[in-house]
Amino acid sequence: MFKAKNLSPQKLAGFTALILSAIIALGMLLVDGNWQIMLGAFVLTFLVSYYLYLYTLQNFIYRKIKLIYKFIYQTKASKREEFFQKNILPLKTIEEVSEDVEKWASQKKEELENLRRNEAFRKEFLLNLSHELKTPIFAVQGYIHTLLDGALEDPAVNKMFLKNATKNIDRLCRLIDDLDEISKLESGEMTINAEIFVIQDLVKDVFDTLSLKANTKGIKFNIKKGCEAPIPVVADKEKIRQVLINLVDNSIKYGKPDGHTVASIYNMDGKRVLVEISDDGIGMSEEHLPRVFERFYRTDRARSRDIGGTGLGLAIVKHIVEAHDQSITVRSKPEIGSTFGFTMEAGRESML
């Protein structure tokens, strides 16, 4: 048994013509009793009704369906699409057309959801950007107005106010520099100058650069045991230096006093190298992990601003890593610590 919803126009017209011609032929047989007249009436009625129904279906119902397809694609039909609409579309079953429409509706629904998410992200980004800009600007404004209102003549506070104003101006400059850098990364303006270098040597250089800052909290740096053997990688050395500085700097900011920052380097498959920066600091809850690489996203806004930073460091890290066609991940647990890992292309020596 066939299902009516799966019928093509030809089958539907043939089925309808068959029923109609059978009824008329049966009526002719009962009235006249002549088998030849009945057979002729059956054939003639079948042919006439078949082509009439087929014409009606194709020129009325499928004209409406064609309009639906034009609305779906929203473009002027090309020669290929015209051939489809004239020759392929009439052969489609109503169920197939329904599936096409449902697929289109699902696609549009997904596009709308993406637009809503992007709009929400845009609003959140503008709100965060406005807040990040206003905080240092209002601070500088307050200090300057206080100095102009008389504090400039007070040697006990004027130098302190000027220093605080300078700190906020420096923060504003860092924010603008980071915004400029992330814009270049997103637009593809920043080029990658790949070279071969030993990743352990670069990690040690970054540790040396940030050692004074780490010493203020008693944080110790080290490379994990078993990961000391030199591993060459292919990447933009200065860009990877920036990645490591951001990650190590974060491990200091959110690390516990007298804690540890550990770098681990693994040769994964001869083609990629995994670099991980781990700390035993305050960590993050699981709900924050999918968003930590978003611009201005902070797990604890008040504490993050007290610690410092522009809120763009991890977003820049992600863009640099992805500009190398690599990936970055994060694992973390509150009061246990965080581990940021990113992959790099292995150098020739590590492939041997």
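Rules and cut-offs
Residues numbered from 1 in each chain as written. Predicted model: local features only at pLDDT ≥ 70, side-chain atom pairs only at ≥ 80, totals over all residues. Heavy atoms only, no water. Helix = DSSP H or I, 4+ residues; strand = E, 2+ residues; numbered from the N terminus. Buried < 20%, exposed > 50% of the residue type's maximum accessible area, 1.4 Å probe, protein only. Areas by Shrake-Rupley, 256 points an atom, 1.4 Å probe, with all protein chains shown as cover. UniProt positions renumbered as here; feature names shortened; annotations may be inferred. Core = buried A, V, L, I, M, F, W, Y, C linked by side-chain atoms within 4.5 Å. Contact = heavy atoms within 4.5 Å. Salt bridge = Lys/Arg side-chain N within 4 Å of Asp/Glu carboxyl O. Axes fitted to C-alpha atoms, helices over the stretch in contact; angles between N-to-C directions. Parallel < 35°, antiparallel > 145°, perpendicular 65-115°, else oblique. Left-handed = near helix turned anticlockwise from the far one by under 90°. Nonpolar A, V, L, I, M, F, W, Y, C, P; charged D, E, K, R; others polar. Patch = residues over 30% accessible without salt bridge, like charges linked within 9 Å, V, L, I, M, F, W, Y side chains within 5 Å. Phe/Tyr/Trp six-rings, centres within 6.5 Å; stacked < 30°, edge-to-face > 60°. Polar contact = N/O pair within 3.5 Å; in protein donor to acceptor, adjacent residues only side chain to side chain. Pairing = 2+ DSSP bridges.

Naming follows an unreviewed UniProt entry, where the chain appears as histidine kinase of Chitinophaga eiseniae.

A short note on the overall build of the chain
A count of helical and extended segments in the chain gives 11 helices and 7 strands. For the chain, the proportion of its 352 residues judged to be buried stands at 37%. Within the structure as shown, the chain displays about 21,800 Å² of accessible surface, and the carbon and sulfur contribution to it stands at 59%.

Side note on the UniProt feature "transmembrane region" (unreviewed entry) in the chain
Residues annotated in UniProt with the feature "transmembrane region" (unreviewed entry) correspond here to residues 12–31 and 37–57. Strand forms 0% of residues 12–31 and helix 100%; the C-alpha atoms that close the span are 29 Å apart. Along residues 37–57 one finds 100% helix and 0% strand; the C-alpha atoms at either end are 30 Å apart.

Observations regarding the nonpolar core
Ranked by internal contacts, the top residues of the largest apolar core, which has 47 residues, are Ile 199, Ile 240, Leu 244, Phe 342 and Met 344. Other than its neighbours up to four places away in sequence, Met 344 contacts Phe 197, Ile 199, Val 233, Ala 235, Ile 240, Lys 271, Arg 272, Val 273, Val 275 and Gln 326.

A word on the pattern of salt bridges
Scanning the entire structure with this criterion turns up 9 salt bridges. Of the charged contacts, one joins Lys 253 and Asp 249 as a salt bridge, the two residues approaching to 3.2 Å between their closest N and O atoms. Separated by 4 residues within a single helix, Lys 253 and Asp 249 lie in helix α8 (residues 237–253), roughly one turn from each other. Here Lys 253 matches Asp 249 in class, with each residue buried. The salt bridge involving Glu 335 is made with Lys 256; its shortest N-O contact spans 3.7 Å. Taken together, the residues span a long stretch of sequence, with Glu 335 in the loop between β6 (328–333) and β7 (337–346) and Lys 256 in the loop between α8 and β4 (260–267) at a distance of 79 residues.

A look at the packing of helix α5 (residues 158–187) against helix α10 (residues 313–323)
Relative orientation of the contacting elements α5 and α10 amounts to 25°, with a least axis distance of 10 Å. Looking at the two axes, α5 sits roughly parallel to α10. α5 and α10 meet at a crossing whose hand is left-handed. Contacts from Asp 178, Glu 181, Ile 182, Leu 185 and Glu 186 of α5 reach α10 at Ala 315, Ile 316, His 319 and Ile 320. Partitioned by chemical class, the residues of the contact of α5 with α10 number 5 nonpolar, 1 polar and 3 charged.

Things to note about a nonpolar patch on the surface
A surface patch of nonpolar side chains, about 370 Å² in accessible area, is lined by Leu 20, Ile 24, Met 28, Ile 37 and Tyr 53. Of all the secondary-structure elements, those providing two or more residues to the nonpolar patch are α1 (9–31) and α2 (35–73). Per-element accounting of the nonpolar patch gives the leading share, 3 residues, to α1. With respect to the helices and strands, Leu 20 occurs in helix α1. Exposure remark for Leu 20: the relative accessible area of 33% places this residue in the partly exposed category.

Overview of the packing of aromatic side chains
On inspection of all chains with the given rule, the structure shows 6 aromatic pairs. Between Tyr 50 and Tyr 51 the ring centres are 5.1 Å apart and the planes differ by 80°, which places this aromatic pair in the edge-to-face class. Ring pairing ties together the aromatic residues Phe 42, Phe 46, Tyr 50 and Tyr 51, which thus form one cluster.

Focus on the side chain of Ser 278
The residue Ser 278 is located in strand β5 (residues 272–279) in this model. A polar side-chain atom of Ser 278 sits 2.9 Å from a polar atom in the side chain of Thr 339. Discounting chain neighbours no more than four positions away, the residues touching Ser 278 are His 260, Thr 261, Val 262, Ser 338 and Thr 339.

Some details on the environment of Val 243
Assignment of secondary structure puts Val 243 in helix α8. When its relative accessible area of 0% is taken as the criterion, Val 243 is described as buried. Measuring from C-alpha to C-alpha, the distance between Val 243 and Lys 318 comes to 8.4 Å, with 75 residues separating the pair along the chain. With residues up to four places along the chain from it excluded, the contact list for Val 243 reads Val 317, Ile 320, Val 321 and Phe 342.

Describing the pairing of β7
Among the 10 residues of β7, 9 are classified as buried, and the element is accordingly described as predominantly covered. Sheet analysis places β5 next to β7, joined by 7 bridges and oriented antiparallel. In the strand pairing of β7, Ile 277 is matched with Phe 340. Across 6 bridges, the pairing between β6 and β7 is antiparallel. Across the sheet, the residue bridging to Lys 333 is Gly 337, located in β7. The hairpin formed by β6 and β7 contains 3 residues between the paired strands, and Glu 335 there has a positive phi angle of roughly 65°.

Focus on the packing of helix α6 (residues 199–209) against α8
Two elements in contact, α6 and α8, have axes whose closest approach is 10 Å; the angle formed by their N-to-C orientations is 50°. Relative to α8, the element α6 lies oblique. As for the relative orientation of α6 and α8, their crossing is right-handed in sense. Across the interface between the two elements, Ile 199, Leu 202, Val 203, Asp 205, Val 206 and Phe 207 of α6 pack against Lys 237, Ile 240, Arg 241, Leu 244, Ile 245 and Val 248 of α8. The class makeup of the residues in the contact of α6 with α8 is 9 nonpolar, no polar and 3 charged.

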